[in-house]
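Descriptive analysis of the structure
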Amino acid sequence: MLFGYDEKIKTFQRIIREDKLGQAYLFYGDRGVGKNTFAVLLAYALETGKFAVGSEPLLDALFVARNPEENVLGIERITSEVKRFLWQKPFKSSRRLVVVDDSEDLTPEAQSALLKIVEEPPPHALLIFIAHDSQVFLPPLLSRLAKIYFPRLSKEEIAKILSEKYKASEEKAHEVSRQAFGRLGLALKLLDGTDGEGEETLESFLENKILELRREGLKKNAPVLVRLLDRETFVKRYNLNMNLQRRAVVEIIRGKNQA
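Anyway, here's the lowdown on the structure attached to this text. Residue positions are given per chain, counting from 1 as you read along its sequence in written order. Note on the predicted model: pLDDT of at least 70 is required for a residue's local features to be given, and 80 or more for side-chain atom pairs to be given and counted; whole-chain, interface and lining totals, by contrast, use all residues. Side-chain numbers come from the whole structure's heavy atoms, not from hydrogens or water.

What to know about the packing of helix 3 (residues 75-86) against helix 4 (residues 108-119)
- Axis geometry follows a simple rule: fit a line to the C-alpha atoms, using only the stretch in contact for helices, then measure angles between N-to-C directions, giving values from 0 to 180 degrees. Each helix corresponds to a stretch of at least 4 residues labelled H or I by DSSP, and each strand to a stretch of at least 2 residues labelled E; elements are numbered beginning at the N terminus. Interhelical geometry of helix 3 versus helix 4 gives an angle of 20° and a closest axis separation of 9 Å. Considered as vectors, helix 3 and helix 4 are oriented roughly parallel to each other. Crossing handedness for the pair helix 3 and helix 4: right-handed. Touching Ile75, Ile78, Val82, Lys83 and Leu86 of helix 3 are Glu109, Ala110, Ala113, Leu114 and Ile117, all from helix 4.
- Residues are grouped as follows: Ala, Val, Leu, Ile, Met, Phe, Trp, Tyr, Cys and Pro are nonpolar; Asp, Glu, Lys and Arg are charged; every other residue, Gly included, is polar. Tallied by class, residues from the contact of helix 3 with helix 4 come to eight nonpolar, no polar and two charged. Angular relationships are summarised with four words: roughly parallel below 35 degrees, roughly antiparallel beyond 145, roughly perpendicular across 65 to 115, and oblique for the angles in between. Each crossing gets its handedness from the near helix: less than a right angle anticlockwise from the far helix is left-handed, clockwise is right-handed. Whether two residues are in contact is decided by their heavy atoms: any pair within 4.5 Å suffices.

Here it is as structure tokens:
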């Protein structure tokens, strides 16, 4: 389910109905805010006419992401999968939709190959790029994408969703909403007690450290919090080595404790 983006749903329903859908979009915003979910719902809307997950599998949508064993999303995947898929005619939808998840993993060569597709797409093609930050793209590709920003939700919005839709107690809903940093996806994991299962992302590591320092005291930890928040922004913009960044964060906190 998707919450907090009713206006975006209405907008896309209207442009689909009026046949004004573009051919290349960028959905950007922080992890866990609903970008990928919105793309899935859009795919169903194109095939079934309803902005809801249907019982039948999608026939005209391809979701591309980096393989777990790979560090990047390279040109081979683009040329072998995306091109072949887009140049086929749709079965049920008016479009052949390709969603490129975690687009910050695209190599420059892969971005250049996608730029050529965006510049001269088949008439029935639709590409959606999903990323944390719009600045991860090369300027020529970025300039050709319609940008749709997905903001974080407020603590009040998340608490309301948790209590009304997921039957959390008022106390639990407010506790989780404070820890979720405006990301409903993280809030649901915290509510289920599943946060931390699997590999911890660099973003999650940073946000957990920031949350710990906020709990200790916002005023006394203000200088180190500013440094960590700046690093969080930097991490989202660039594909960085996780171990090196972890060490840097630990050093920042160690310096605060020794001050």
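From this point, things continue past the structure.
As for the pattern of salt bridges
- Counted as salt bridges are all cases of a side-chain nitrogen of Lys or Arg within 4 Å of a carboxyl oxygen of Asp or Glu. Applying the stated criterion across every chain yields a total of eight salt bridges.
- One salt bridge in this structure joins glutamate 81 and arginine 77, with 2.6 Å as the shortest N-O distance. Here glutamate 81 and its partner arginine 77 are both found in helix 3, four residues apart, which amounts to about one turn of the helix.
- Between arginine 144 and glutamate 119 there is a salt bridge, and its shortest N-O distance comes to 3.3 Å. On the criterion of sequence distance, the pair formed by arginine 144 in the loop between helix 5 (139-142) and strand 5 (146-149) and glutamate 119 in helix 4 is long-range, its members being 25 residues apart.
- Within this structure, Arg14, Glu18 and Lys20 form a network of salt bridges that share partners.

Some remarks on the sheet that holds strand 5
- One open sheet accounts for five strands, arranged 2-3-4-1-5; its pairing is parallel. Where the open sheet ends on each side, the last strands, each with one partner, are strand 2 (61-64) and strand 5. Pairwise comparison of adjacent strand axes, ignoring direction, gives a mean angle of 20° for this sheet.
- Contacts between helix 2 (residues 35-48) and the sheet are confined to strand 1 (24-28), strand 2, strand 3 (96-100) and strand 4 (125-131), with strand 4 contributing the most and set at about 165° to the helix.
- Strand contacts of helix 3: strand 2, strand 3 and strand 4, with the helix running at about 165° to strand 2, the strand carrying the most contacts. Pairing between strands requires that DSSP locate at least two bridges from one strand to the other.

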